[in-house]
Amino acid sequence: MSDKTVRNKLKVYRAMHDWTQEELAYRVSVTRKTINTIENGKFVPSTYLALKLAKVFQVPVEELFQLDSEQMPDG
Amino acid sequence: MSNLIEETDRQQQRYWKRFLIAFFLLIVLLIVRYVFGTVLKEYELNSHPIGIVVLIISVALLVVMFVHIVKLNRLRARAAANPQLKEALIDNELTKLHLDQSWKAGFIGAAVTPFAFLLISSFHTINDPVLVAFATPIVGSAAFITTFFLKKNR
């Protein structure tokens, strides 16, 4: 488990597509538990998996995953 | 929707669970055997039926563990042959993270055990160095297996 906090809209996009966790997991070739831990913020996926998830939802990766505002660098 | 990935994952969990149960029962039996073995030896009751029953159960548990290790390896080989299963179950980054954490727990478990015996030896004399030698890898393995199983099922 990572202590990095990354917000994600996986659940929202999954609901929009009317997909179950298992269905999404199958589409990106992971287990349902992997999707579940990502959705609950317990696990931050790698760039590879984040890009795959963004690809199946046909959205940019930053639309799906965002850093918590307090973690954003100044500038 | 039921798919091959989930079915294989669930099957893998079932095998792990059975292996873990057999492993812990065996540890309990080994402790019982060690504690009561001293008593049995003292009263020259080594051929007592309890000793034989414990031995038979221990062998049966070892067989169960061996069968499930073989089953887990066969399942892994089957998954490795299928690109999608390989990606979802073997190359899975969450599983790899769980494995890393389990190795750490196993290492800590094995490293701490001799110190625990050192601490116990200040209150109670430990005459059996074999006990320490056996306990160290057993505690390490138990810590590894338990951590992996708990992480996977959380």
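None of these values were measured; they are calculated from a predicted model. (Residues numbered from 1 in each chain as written. Chains lettered and ligands numbered in written order. Predicted model: local features only at pLDDT ≥ 70, side-chain atom pairs only at ≥ 80, totals over all residues. Heavy atoms only, no water.)

(A) Examining the overall build of chain A more closely. From N to C terminus, chain A includes five helices and two strands. Ordered by position from N to C terminus, the α and β elements of chain A give β-α-α-α-α-α-β. Looking at chain A as a whole, 41% of its 75 residues are labelled buried. For chain A, restricting intrachain contacts to residue pairs at least 6 apart in sequence, the fraction spanning at least 24 positions comes to 58%. Accessible surface, chain A: about 4500 Å² in total, of which carbon and sulfur atoms supply 52%. (Helix = DSSP H or I, 4+ residues; strand = E, 2+ residues; numbered from the N terminus. Buried < 20%, exposed > 50% of the residue type's maximum accessible area, 1.4 Å probe, protein only. Contact = heavy atoms within 4.5 Å. Areas by Shrake-Rupley, 256 points an atom, 1.4 Å probe, with all protein chains shown as cover.)

(B) Representation of a nonpolar patch on the surface in the model. On the surface, V28, I31, V32, Y34, V35 and F36 of chain B cluster together to form a nonpolar patch covering roughly 540 Å² of accessible area. Tracing the backbone shows F36 of chain B in helix α1 (residues 4-42). (Patch = residues over 30% accessible without salt bridge, like charges linked within 9 Å, V, L, I, M, F, W, Y side chains within 5 Å. Salt bridge = Lys/Arg side-chain N within 4 Å of Asp/Glu carboxyl O.)

(C) Summary view of helix α1 (residues 10-17) of chain A. Residue and element names in this part refer to chain A. Within α1, burial applies to L10, Y13 and R14. With its buried residues spanning 105° around the axis, α1 presents them on a single face. More than 90 degrees from the buried face of α1, the exposed residues found are K11, A15 and M16. Turning to α1, the residues buried within the fold contact β1 (6-8), α2 (21-27), α3 (32-39), α4 (47-57), α5 (61-64) and β2 (65-67). Looking at the residues trailing α1, positive phi occurs at D18, about 55°. (Arc of directions from axis to C-beta.)

(D) Structural context of the layout of surface pockets. Residue and element names in this part refer to chain B. For the largest pocket, the calculated volume is near 540 Å³. Along its surface, the largest pocket is lined by 17 residues, and L30, I31, Y34, L131 and F134 are the ones closest to its centre. Of the residues assigned to the lining of the largest pocket, the class counts are 13 nonpolar, two polar and two charged. Split by domain, the lining of the largest pocket shows at least three residues from each of two domains, domain 1 (1-91) and domain 2 (92-154). (1 Å grid on protein atoms, 1.4 Å probe; cavity = no way out; pocket = protein on both sides within 12 Å on 5 of 7 lines; lining within 4 Å. Points joined across faces, edges and corners; volume = space filled by probe spheres on them. Nonpolar A, V, L, I, M, F, W, Y, C, P; charged D, E, K, R; others polar. Domains from an automatic or database assignment.)

(E) Region of interest: the interface of chain A and chain B. The partner chain B presents 19 residues to the 19 residues of chain A that form the contact. Carbon and sulfur atoms supply 50% of the area buried between chain A and chain B, which totals about 1700 Å² over both sides. Along the contact surface separating chain A from chain B lie one salt bridge. Taking the shortest distance from any N to any O, the salt bridge between K52 of chain A and E87 of chain B comes out at 2.4 Å. Within the residue set of the side of chain A that touches chain B, elements represented by two or more residues are α2, α3 and α4 of chain A. (Buried area = accessible area lost by both parts, 1.4 Å probe.)

(F) Quick look at the domain arrangement of chain B. Residue and element names in this part refer to chain B. Domain annotation for chain B reports domain 1 (1-91) and domain 2 (92-154). Once you take the C-alpha centre of each, domain 1 and domain 2 turn out to be 17 Å apart. Contacts between the two partners involve 17 residues from domain 1 and, on the opposite side, 15 residues from domain 2. Between K152 and D9 there is a salt bridge whose closest N-O contact spans 3.4 Å. Ranked by the residues each element gives to the side of domain 1 that touches domain 2, the list is headed by α1, at 12 residues. Here the residues of the side of domain 1 that touches domain 2 sort into 11 nonpolar, two polar and four charged.

(G) Highlighting the packing of aromatic side chains. Going through the model one piece at a time under the given rule, you end up with seven aromatic pairs over all chains. With centroids separated by 5.7 Å and ring planes inclined at 45°, the aromatic side chains of Y13 of chain A and F57 of chain A adopt a geometry described as tilted. Taken together, the positions of Y13 of chain A in helix α1 and F57 of chain A in helix α4 put the pair 44 residues apart, joining distant regions of the chain. For the pair formed by Y13 of chain A and F57 of chain A, the shared burial category is buried. With a centroid separation of 5.4 Å and 25° between ring planes, the pair formed by W19 of chain A and F57 of chain A is classed as stacked. Placement of the pair is W19 of chain A in the loop between α1 and α2 and F57 of chain A in helix α4, with a sequence separation of 38 residues. In this structure W19 of chain A comes out as buried when scored by relative accessible area, which is 13%. Through pairs of rings, three or more aromatic residues link up here, namely W16, F19, F23, F24 and F148 of chain B. (Phe/Tyr/Trp six-rings, centres within 6.5 Å; stacked < 30°, edge-to-face > 60°.)

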